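# Understanding the architecture of this molecule
Now for the letters of each chain:
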Amino acid sequence: MSERVVLVGYGPVGARLVDGLLPAVRDGRIDLTVVGAETHDVYNRVLLAEYAVGRMDRDGLDMDDRRVAEEAGVRFALGTAVVGVDRHRRAVRLHDGIHLPYDRLVLATGARANVPTLAGMERARRDRSARPTTPDELDLGGAPLPRGVVALRDLADAERVRAAVTSGQRIVVLGAGVLGMELALAAAEAGAEVVVAYHSAAPMNRTLDENGGRVLAAATSAAGVEMAPHARAESIDLRYDDHGRAWFGGLVCADGKVLAGDLLVLSCGVGARTELAAAAGVATSTGILVDGASRSWTDPAIFAIGDCAHVAEPSDVEAAGRVTGGPSGLVGPGWRQADRLAALLSTGAEVPAAAERPGVVMLKAEGIDVVAGGDVDVDPFAAIHAPGCHVPQATVWADPARGSYVKIVTVDGVLTGLVAVGMPRTGAELTLLFERGSELPADRSSLLRLDAPDLGAPLAGDPFAADATVCWCNGVTAGAIRDAAAAGEPTLACVKAATRAATGCGTCAGRITELLARDAVPA
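Residues numbered from 1 in each chain as written. Predicted model: local features only at pLDDT ≥ 70, side-chain atom pairs only at ≥ 80, totals over all residues. Heavy atoms only, no water.

## A short note on the environment of L174
Relative to the assigned elements, L174 resides in strand β10 (residues 170-174). A relative accessible area of 6% means that L174 is categorised as buried. For L174 and V265, which are 91 residues apart along the polypeptide, the C-alpha to C-alpha distance reads 6.2 Å. Dropping the residues within four chain positions of it, L174 is found in contact with P116, L118, A197, A233, L251, L264, V265, L266, S267 and C268. (Helix = DSSP H or I, 4+ residues; strand = E, 2+ residues; numbered from the N terminus. Buried < 20%, exposed > 50% of the residue type's maximum accessible area, 1.4 Å probe, protein only. Contact = heavy atoms within 4.5 Å.)

## With respect to the sheet that holds strand β4 (residues 82-86)
Taken in spatial order, the three strands make up an open sheet running β4-β5-β6, and their pairing is antiparallel. Every interior strand has two partners, whereas the edge strands, β4 and β6 (99-101), have only one. Taken over all neighbouring pairs, the strand axes of this sheet differ in orientation by 25° on average, direction set aside. Pairing between β4 and strand β5 (residues 91-94): four bridges, direction antiparallel. Across the sheet, residue G84 finds its bridge partner in β5, namely R93. (Pairing = 2+ DSSP bridges. Axes fitted to C-alpha atoms, helices over the stretch in contact; angles between N-to-C directions.)

## Observations regarding the pattern of salt bridges
On inspection of all chains with the given rule, the structure shows 25 salt bridges. Among the salt bridges present, the one from R402 reaches D399, with a minimum N-O distance of 3.3 Å. What makes R402 exposed here is its relative accessible area of 65%. When its relative accessible area of 18% is taken as the criterion, D399 is described as buried. Here the salt bridges share partners, and the residues they tie into one network are D41, R66 and E70. (Salt bridge = Lys/Arg side-chain N within 4 Å of Asp/Glu carboxyl O.)

## Describing the sheet that holds strand β22 (residues 370-374)
Strand order in the open sheet formed by five strands is β21-β22-β25-β24-β23, with antiparallel pairing between adjacent strands. In the strand order of this sheet, the two ends are held by β21 (360-363) and β23 (393-399), each with one partner. Recorded for the sheet is a direction-independent mean angle of 15° between the axes of neighbouring strands. Relative to β22, β21 runs antiparallel, the two sharing four bridges. Bridged to V360 within β22 is G373. Against the sheet, helix α10 (residues 424-436) engages β21, β22, β24 (404-411) and β25 (414-421), with an angle of about 155° to β25.

## With respect to the packing of aromatic side chains
If you walk through the whole model with that rule in mind, you get one aromatic pair. Directly above the ring of F76 sits R66, whose terminal nitrogen or CZ lies 5.7 Å from the centroid. (Phe/Tyr/Trp six-rings, centres within 6.5 Å; stacked < 30°, edge-to-face > 60°. Lys NZ or Arg CZ within 6 Å of the ring centre and 35° of its normal.)

## Quick look at the pairing of strand β1 (residues 3-8)
When β1 meets strand β2 (residues 30-36), the two strands line up parallel, connected through six bridges. If you follow V6 over to β2, its bridge partner there is T33. Chirality of the crossover, the property in question, places the unit of β1, helix α1 (residues 12-26) and β2 among those that are right-handed. Strand direction decides the pairing type here: β1 and strand β7 (residues 104-107), joined by four bridges, are parallel. Across the sheet, L7 pairs through a bridge with V106, a residue of β7. (Right-handed = clockwise from strand over helix to strand, strands pointing away.)

## Quick word on α1
Here α1 contains 15 residues, and its C-alpha end-to-end distance of 21 Å stays within 8% of the 21 Å for a straight helix at 1.5 Å per residue. At G20, α1 is deflected by roughly 40°, the largest bend along its length, and proline P23 occurs up to four residues later in sequence. Among the residues of α1, those classed as buried are P12, V13, G14, A15, R16, L17, V18, L21, L22, A24 and V25. Among the structural elements, β1, β2, α3 (66-72), β7 and α9 (331-347) are those in contact with the buried residues of α1. With its phi angle positive at about 85°, G28 sits one or two positions after the end of α1. (Expected span 1.5 Å × (residues − 1). Bend = angle between axes of the 7 residues up to and from the residue.)

In structure tokens:
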């Protein structure tokens with residue numbers, strides 16, 4: 001008899017699970033139903049900003065082919081919201097009153113954009129305990145966001161941003177995290193007038209140290225983006241059109257300054273969609289609490305993956321006395337959760353979860369190279385210890401006038417944190433060392449010479465060696481890319497189809513193209 005699996009959520013992580021379950025669906029071992037609030041087929045949300053500024057066509061966002069899954073026997077209920085879970089009867093209730101029974105329930109509900117507490121948008125903030133009664137209410141507060149305010153979480157938001165960029169409007173971006181900075185730089189390059197407002201002294205303060213952020217801010221200003229640090233937004237200023245409708249007209253800061261604009265893009269982080277699980281009595285924290293097998297702490301028949309999943313072992317919590325961590329917020333770990341869960345649901349075999357290394361963040365922007373990862377907040381002058389003291393040590397090199405900055409954090413010579421701004425080759429070398437957990441050379445300054453005109457060989461070896469990871473989202477190595485190119489065609493499209501490389505954040509696309517070009521040149 002087939003095991004009934006209901007998947008709630010059809011984003012990139014949910015689609016990965018569907019793909020992994022297809023063999024079991026075809027064999028009749030699993031009866032799979034997918035419920036998704038959006039009517040669109042699955043698309044890559046990570047690349048919405050690329051589409052919003054005109055760098056990518058709509059087709060470039062598409063991911064899996066739903067028809068293949070339907071032909072295998074998967075049933076889809078798109079444009080549908082789950083409004084309740086009956087754990088005792090093992091059934092979910094849809095907004096139209098239909099009940100779907102399940103043996104295993106997988107929640108891949110993702111995350112929604114945080115709406116800040118600004119006067120003029122109070123009713124748009126969503127009550128965390130509220131549950132939708134229709135698909136359109138999934139992320140809706142007491143009222144929709146004011147006209148001219150978007151969060152860039154779905155295709156509708158991207159279309160609004162795209163229209164503003166195309167017409168050269170003034171865009172105010174609230175928040176200077178990775179996504180906010182990428183959007184601001186890309187929109188400015190496309191011809192929009194852009195200002196970025198943020199509370200901190202420097203952008204990307206959760207990823208970079210303050211000095212690295214200041215160098216990035218200077219480079220961003222040079223690229224034509226107005227930077228507004230220490231901007232504590234308090235309210236929005238509204239303007240009215242000829243029909244009496246209110247539109248966003250400006251962001252009002254605590255010091256009285258008004259950042260005027262035609263469109264406000266909220267880039268203030270996200271929060272996991274946990275209300276469905278919480279209402280069903282399933283344990284939640286910053287996400288739905290699951291173990292390393294993605295199984296709920298509360299109910300062994302319920303699983304969670306992706307941005308809604310907070311992976312933590314109950315035994316670790318008992319030892320620490322509290323729940324630490326939270327959802328990763330990255331597509332790579334979500335895909336790996338989906339792959340492991342597909343194996344578990346298909347075969348019953350529990351695949352141990354490998355420890356996730358701290359992620360390396362790369363800023364996708366033309367002409368501005370930023371990479372950071374690990375612990376970057378170590379003060380190089382707080383305490384100076386001799387090597388071998390098992391404490392973090394920081395090495396810093398800066399040339400702010402030329403937009404260059406490097407910070408290296410090590411413990412006993414092993415790289416544990418890095419920041420590289422305006423130093424692309426040094427950043428690539430540090431990323432390779434960080435990934436491998438390698439020791440740094442005794443002469444740290446040798447790393448800086450990688451960006452000199454007389455570039456020598458990489459210190460850690462060939463970044464295109466067979467075992468070197470090229471795509472961090474999917475864990476694809478240079479060797480796997482070469483094998484895919486040899487078995488098909490040496491093109492990015494062929495590599496993407498065969499390995500899934502460059503189908504996540506897209507950062508590795510240039511590196512894959514470089515690898516293919518290098519291999520095409522005769523020795």
